[in-house]
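Okay, here's what each chain looks like letter by letter:
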Amino acid sequence: MSRSEPLEERWIDVYRDTIAPLYRFVSRRAGGDRELAEDVTQEAWLRAVAAWGRKGMPAEPLAWLQTVARNLLWNHLRRQRPAVVPPECLDLAGDPAPPATPAAAALLHFGLGRLSRARARLLEAFYLD
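Keep in mind that what you see is a predicted model, and the values were worked out from it rather than measured.

S.K.: Report on helix α1 (residues 7-29), specifying residues and quantitative values.
M.R.: Here α1 spans 32 Å end to end across 23 residues, near enough to the 33 Å set by a 1.5 Å rise per residue. Among the residues of α1, Arg10, Trp11, Val14, Thr18, Leu22, Phe25, Val26 and Arg29 are the ones counted as buried. Phi turns positive, to about 60 degrees, at Gly31, one or two residues after α1.

S.K.: Give me the lowdown on the packing of aromatic side chains, citing residues and values where you can.
M.R.: The final tally for this structure, using the stated rule, is four aromatic pairs. When the centroid spacing of 5.2 Å and the interplanar angle of 70 degrees are considered together, the rings of Tyr15 and Trp45 count as edge-to-face. With a gap of 30 residues between them, Tyr15 in helix α1 and Trp45 in helix α2 (residues 34-55) connect regions that are remote in the sequence. Under the relative-accessibility criterion, Trp45 is labelled buried at 8%. Plain terms: the ring middles of Trp52 and Trp64 are 5.2 Å apart, the flat faces sit at 65 degrees to each other, and that makes the pair edge-to-face. You can see Trp52 sitting in helix α2 and its partner Trp64 sitting in helix α3 (residues 61-79), a full twelve residues away along the chain. Members of the aromatic cluster, connected to one another through ring pairs, are Trp11, Tyr15, Trp45, Trp52 and Trp64. If you follow Arg29 out to its NZ or CZ, it ends over the ring of Phe25, 3.8 Å from the centre.

S.K.: Please give an account of the pattern of salt bridges that cites residues and values.
M.R.: Under the criterion given, the structure shown has two salt bridges. Two residues, Glu38 and Arg34, come together in a salt bridge whose shortest N-O distance is 3.1 Å. With Glu38 and Arg34 both in helix α2 and four residues apart, this pair spans about one turn of that helix. The class for Glu38 is partly exposed, based on a relative accessible area of 37%. Residue Arg47 is joined to Glu43 by a salt bridge in which the shortest nitrogen-to-oxygen separation is 2.9 Å. Within this pair, Arg47 and its partner Glu43 are both found in helix α2, separated by four residues, close to a single helical turn. Judged by its relative accessible area of 42%, Arg47 is partly exposed.

S.K.: Talk me through the packing of α1 against α3; I want residue IDs and the actual numbers.
M.R.: Two numbers describe a pair of packed helices, the interaxial angle and the distance between the axes. One can describe the packing of α1 onto α3 by two numbers: an axis separation of 10 Å at closest approach and a directional angle of 30 degrees. Read as a crossing pair, α1 and α3 show a hand that is right-handed. Facing α1, whose interface residues are Val14, Thr18, Pro21, Leu22, Phe25, Val26 and Arg29, α3 presents Pro61, Leu62, Leu65, Gln66, Ala69, Arg70, Leu73 and Leu77.

Rules of the game
Residues numbered from 1 in each chain as written. Predicted model: local features only at pLDDT ≥ 70, side-chain atom pairs only at ≥ 80, totals over all residues. Heavy atoms only, no water. Helix = DSSP H or I, 4+ residues; strand = E, 2+ residues; numbered from the N terminus. Expected span 1.5 Å × (residues − 1). Buried < 20%, exposed > 50% of the residue type's maximum accessible area, 1.4 Å probe, protein only. Phe/Tyr/Trp six-rings, centres within 6.5 Å; stacked < 30°, edge-to-face > 60°. Lys NZ or Arg CZ within 6 Å of the ring centre and 35° of its normal. Salt bridge = Lys/Arg side-chain N within 4 Å of Asp/Glu carboxyl O. Axes fitted to C-alpha atoms, helices over the stretch in contact; angles between N-to-C directions. Left-handed = near helix turned anticlockwise from the far one by under 90°. Contact = heavy atoms within 4.5 Å.

On their own, these measurements won't tell you what the molecule is for.
See below:
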């Protein structure tokens, strides 16, 4: 994208280049909750429009959008209270990977929300990226 390109065209190009990878990033973390993934992706872009309109577009728009989306997901899922699961219902000898469901994602992010940002980000990067 060239500097002489009109601002509106630059925004459209960035949107086209980032929307699919951003949605994939969010949907992997939303545990199959399509509505949540769509809402977070849309909210991240709305915040980008507001912030970039004031401060200018960042050098790495996708990284900026992913950071905002991650924080939106953490905030959303941190507010949810996971259901109490009786210990006898847990299959500790079975497959260690939890199913990719909205409930599993909520439980995962609830736990990540209890950690420091640095520790939560480290675990997220190791297991989800």
